[in-house]
Amino acid sequence: MYAFGMVVLLGLAILVVAKIGNHYLRQIPGAWAATLVALGVGAAWLTNLNLFGIWSIPVRNSDIAMTVTGILLAGVAYFWRETLGFFAGLYRKFTDEARTIEKTENLRRVA
């Protein structure tokens, strides 16, 4: 369970770090995935995180296990990106829809 928590929170941290370069990442197609993979592998190596060792799955080489863990972290960060984007889109939709109804029905705000 602790491993799952570490993966989820590290994925979110990787996304936050990648969002710093959001302006540059939007201009190059495929830059998001490459950046998240690079940051994920870097985070796994920096923290010496080997999920396969935590889950007691035998792996031939510890370096490969850490690299694959980094790729898994990048996938979690990409999942965070899409999930948070979905909720941001819902927020914008509901906010804009409410304003449209208020304007077309000539309603005034109560609160």
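Here, every reference points to the structure presented above.
Computed from a predicted structure; not experimentally measured.

Draft legend 1. Molecular detail of the pattern of salt bridges. For the structure on display, the rule yields one salt bridge. Residue Glu82 is joined to Arg81 by a salt bridge in which the shortest nitrogen-to-oxygen separation is 3.6 Å. Assessed through its relative accessible area of 43%, Glu82 is described here as partly exposed. For Arg81, a relative accessible area of 24% corresponds to the partly exposed category.

Draft legend 2. Main features of the nonpolar core. If you look at the biggest cluster of nonpolar residues, it comprises 17 residues, and the most contacted ones within it are Val7, Ile14, Trp32, Leu36, Leu51, Leu73 and Ala77. With sequence-adjacent residues up to four places away left out, Val7 is seen in contact with Leu51, Leu72, Leu73 and Val76.

Draft legend 3. Structural view of the packing of aromatic side chains. By the definition in use, this model includes one aromatic pair. Ring centres 5.4 Å apart and planes at 65 degrees place the aromatic pair Phe86 and Phe87 in the edge-to-face group. Residue Phe86 is classed as partly exposed on the basis of its relative accessible area of 49%. With a relative accessible area of 48%, Phe87 lands in the partly exposed category. Over the face of the ring belonging to Trp32 we find Arg81, whose NZ or CZ atom lies 4.3 Å from the ring centre.

Draft legend 4. Structural context of a nonpolar patch on the surface. Together, Met6, Ile54, Trp55, Ile57 and Val59 make up a nonpolar patch on the protein surface, roughly 440 Å² of accessible area in all. In this structure, Trp55 sits in the loop between helix 4 (51-54) and helix 5 (62-104).

Draft legend 5. Expanded view of the environment of Asp63. Note that Asp63 resides in helix 5. Overall, the relative accessible area of 38% leaves Asp63 in the partly exposed class. Asp63 sits 13 residues away from Asn50 along the chain, and the two C-alpha atoms are 8.6 Å apart.

Draft legend 6. Structural view of the packing of helix 1 (residues 2-20) against helix 3 (residues 31-47). Here helix 1 crosses helix 3 at 130 degrees, and the two axes come no closer than 10 Å. In terms of their interaxial angle, helix 1 and helix 3 are classed as oblique. In terms of crossing hand, the pair formed by helix 1 and helix 3 is right-handed. Contacts between helix 1 and helix 3 involve Leu10, Ile14, Leu15, Val17, Ala18 and Lys19 on the former and, on the latter, Trp32, Thr35, Leu36, Leu39, Gly40, Ala43 and Thr47.

How each quantity is defined
- Residues numbered from 1 in each chain as written.
- Predicted model: local features only at pLDDT ≥ 70, side-chain atom pairs only at ≥ 80, totals over all residues.
- Heavy atoms only, no water.
- Salt bridge = Lys/Arg side-chain N within 4 Å of Asp/Glu carboxyl O.
- Buried < 20%, exposed > 50% of the residue type's maximum accessible area, 1.4 Å probe, protein only.
- Core = buried A, V, L, I, M, F, W, Y, C linked by side-chain atoms within 4.5 Å.
- Contact = heavy atoms within 4.5 Å.
- Phe/Tyr/Trp six-rings, centres within 6.5 Å; stacked < 30°, edge-to-face > 60°.
- Lys NZ or Arg CZ within 6 Å of the ring centre and 35° of its normal.
- Patch = residues over 30% accessible without salt bridge, like charges linked within 9 Å, V, L, I, M, F, W, Y side chains within 5 Å.
- Areas by Shrake-Rupley, 256 points an atom, 1.4 Å probe, with all protein chains shown as cover.
- Helix = DSSP H or I, 4+ residues; strand = E, 2+ residues; numbered from the N terminus.
- Axes fitted to C-alpha atoms, helices over the stretch in contact; angles between N-to-C directions.
- Parallel < 35°, antiparallel > 145°, perpendicular 65-115°, else oblique.
- Left-handed = near helix turned anticlockwise from the far one by under 90°.

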